[in-house]
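Remarks on the overall topology
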Amino acid sequence: MKVIFMGTPDFSVGTLEALLEAGHEVVLAVTQPDKPKGRGKEMQFPPVKETALRHGIEVYQPRRIREKECIEKLAAYQADIMVVIAFGQILPKAILEMTPYGCVNVHASLLPKYRGAAPIQWAVINGEKESGVTTMQMDEGLDTGDMLLKTTIVLDEKETGGSLHDKLSDAGAKLCVETLKRLEEGSIQPEKQGESPTEYARMLNKAMGAIDWNQDAVSIERLIRGLNPWPSAYTTWDNKTMKIWDADVTEDVPGTEDAGPGEITAVSKKDFTIKTGEKSLVIRELQIPGKKRMDAGAFLRGYPLETGMSLGEN
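Computed from a prediction, not measured in an experiment: that's the story for all the values here.

1. Some words on the overall build of the chain
Scanning the chain from N- to C-terminus turns up 8 helices and 15 strands. Dimensions of the chain, computed from the C-alpha atoms along their principal axes, are close to 70 × 45 × 30 Å. In the chain, which comprises 314 residues, the proportion classed as buried is 49%. In the chain, the share of contacts with a sequence separation of at least 24, taken over all contacts with a separation of at least 6, comes to 65%. Accessible surface, the chain as shown: approximately 15700 Å² in total, 47% of it carbon and sulfur. The distance from the centre of the 38 positive side-chain charges to the centre of the 47 negative ones in the chain is 4 Å.

2. What about unusual backbone geometry?
Residue P112 is bonded to the preceding L111 through a cis peptide linkage, with omega at 10°. With respect to the helices and strands, the residue P112 is situated in the loop between β7 (103–107) and α5 (119–125). For Y114, which is not glycine, the phi dihedral falls at a positive 55°. With respect to the element layout, Y114 can be found in the loop between β7 and α5. Judged by relative accessible area, Y114 falls into the buried class, the value being 5%. Of note in this structure, N239 is not a glycine but carries a positive phi near 60°.

3. Structural notes on the pairing of strand β11 (residues 240–250)
Across 5 bridges, the pairing between strand β10 (residues 233–237) and β11 is antiparallel. Considered in β11, the bridge of A233 is made with I244. Where β10 hands over to β11, the hairpin turn is made up of 2 residues, of which D238 adopts a positive phi near 55°. Note that β11 and strand β14 (residues 280–287) share 7 bridges and pair antiparallel. Looking across to β14, one finds that D246 is bridged to E285.

4. Some details on the nonpolar core
Ranked by internal contacts, the top residues of the largest apolar core, which has 34 residues, are V3, F5, L19, L164, L168 and L180. Counting residues per element, this core draws most heavily on helix α6 (residues 161–185), at 7 residues. Contact partners of F5, with chain neighbours within four places excluded, come to S12, T15, L16, L19, V26, L28, A29, V30, V48, V83 and I85. Core analysis: the second largest hydrophobic core is formed by 32 residues, I125, I220, I224 and F272 among them.

5. Some details on a nonpolar patch on the surface
A cluster of nonpolar residues, I90, L142 and Y200, forms a patch on the protein surface that exposes about 310 Å² of accessible area. Inspection of the secondary structure assignment puts Y200 in the loop between α6 and α7 (217–226). Its relative accessible area of 43% is what places Y200 among the partly exposed residues.

6. Notes on the sheet that holds strand β8 (residues 130–137)
In space, the 7 strands of this open sheet follow the order β5-β2-β1-β6-β7-β8-β9, with mixed pairing throughout. Of all strands in the sheet, those bounded by a partner on one side alone are β5 (59–60) and β9 (146–154). Relative to β9, β8 runs antiparallel, the two sharing 8 bridges. Bridge pairing in β9 places Q137 opposite D146.

7. Focus on the side chain of T265
With respect to the helices and strands, T265 occurs in strand β12 (residues 264–267). Each residue touching T265, except ones within four places of it in the same chain, is listed here: V253, T256, A259, T273, I274, K275 and T307.

8. Comments concerning helix α1 (residues 10–21)
Under the 1.5 Å per step criterion, the end-to-end length of α1 is 18 Å for 12 residues, consistent within 8% with the ideal 16 Å. Among the residues of α1, F11, S12, V13, T15, L16, A18 and L19 are the ones counted as buried. In this structure, the buried side of α1 is in contact with β1 (2–7), β2 (25–30), α2 (47–54), β6 (81–85), α5 and α6. Positive phi shows up at G23, right after α1, with a value of about 95°.

9. A look at α6
With 25 residues, α6 extends 35 Å between its outermost C-alpha atoms, agreeing within 8% with the 36 Å of an ideal straight helix rising 1.5 Å per residue. Of the residues one or two after α6, G186 is the one with positive phi, at around 75°.

10. Here's the deal with the pattern of salt bridges
Evaluated as defined, the whole model comprises 20 salt bridges. Measuring nitrogen to oxygen at the nearest pair gives 3.0 Å for the salt bridge that ties E17 to R54. Within this pair, whereas E17 is found in helix α1, its partner R54 is found in helix α2, the two being separated by 37 residues in sequence. Residue classification places E17 among the partly exposed positions, given a relative accessible area of 25%. According to the relative accessible area criterion, R54 is exposed, its value standing at 55%. Among the ionic pairs, K73 bridges to E58, the shortest N-O distance being 3.4 Å. Placement of the pair is K73 in helix α3 (residues 68–75) and E58 in the loop between α2 and β5, with a sequence separation of 15 residues.

Conventions adopted
- Residues numbered from 1 in each chain as written.
- Predicted model: local features only at pLDDT ≥ 70, side-chain atom pairs only at ≥ 80, totals over all residues.
- Heavy atoms only, no water.
- Helix = DSSP H or I, 4+ residues; strand = E, 2+ residues; numbered from the N terminus.
- Buried < 20%, exposed > 50% of the residue type's maximum accessible area, 1.4 Å probe, protein only.
- Contact = heavy atoms within 4.5 Å.
- Areas by Shrake-Rupley, 256 points an atom, 1.4 Å probe, with all protein chains shown as cover.
- Lys, Arg positive; Asp, Glu negative; His and termini not counted.
- Charge placed at Lys NZ, Arg CZ, Asp CG, Glu CD.
- Pairing = 2+ DSSP bridges.
- Core = buried A, V, L, I, M, F, W, Y, C linked by side-chain atoms within 4.5 Å.
- Patch = residues over 30% accessible without salt bridge, like charges linked within 9 Å, V, L, I, M, F, W, Y side chains within 5 Å.
- Salt bridge = Lys/Arg side-chain N within 4 Å of Asp/Glu carboxyl O.
- Expected span 1.5 Å × (residues − 1).

Following this line, the structure appears as structure tokens:
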């Protein structure tokens, strides 16, 4: 097929490359404008742009895809289909209906579950046992179009937002190629979506990572995994931000029933335990300002902690 590809982050790259490997002609890659990054604020290409240029594909970076000139530009390519995956802008009806096969979206959840911007991380945070990818015929709603194909991924016990991202990116690339093949064959029967059984998977922000030790240990541990690697879960220690990268749920240390949430109830050579609103967390890996991620044992060798101390307080 003659394809216009629309995507921006790393998650989209595998699908673009899979379409090329399958023999599709990607005539244009549409992605978000370059953005400044890092302390030097140097302009950085989106991952899709880097990949497209490497393959000799023309790149288009409109600030507002809904503008008339953008719509006219896309129409000029006379593509058979548009493939959209984590593009970052809402498409108008004129684009959705521009090509013979319309716009196919690759969405990182088992729709109608987890419509929205961050389905991968919320699946981990909410303790889902499985997630997956759905290809969808886009309409004017937010992730409400007819479902085409699905693939399911079982979450590991220690699944993180980052590890699930990579699994679903790979799965989505394969599913997109299969979807285009079957659309050409006419062997897909689109399926209407029902009501979503989950809340809208709202966009992540750094404030979400602030650990509330009054919550139960299971919920906090899921938050730690879901926000790994970004924006990360964190607490405060000695007026500094301490990022928590890995922890395990455990029963309360005997004799610490009166400890308050956030209080350190046990310290060993390799880890330390914190009381939560229900049960406790053994901290395995963390990070403090100016240091790389380290196991809790390495931290304790340089910064000894004591039982009775509390985290999350300035």
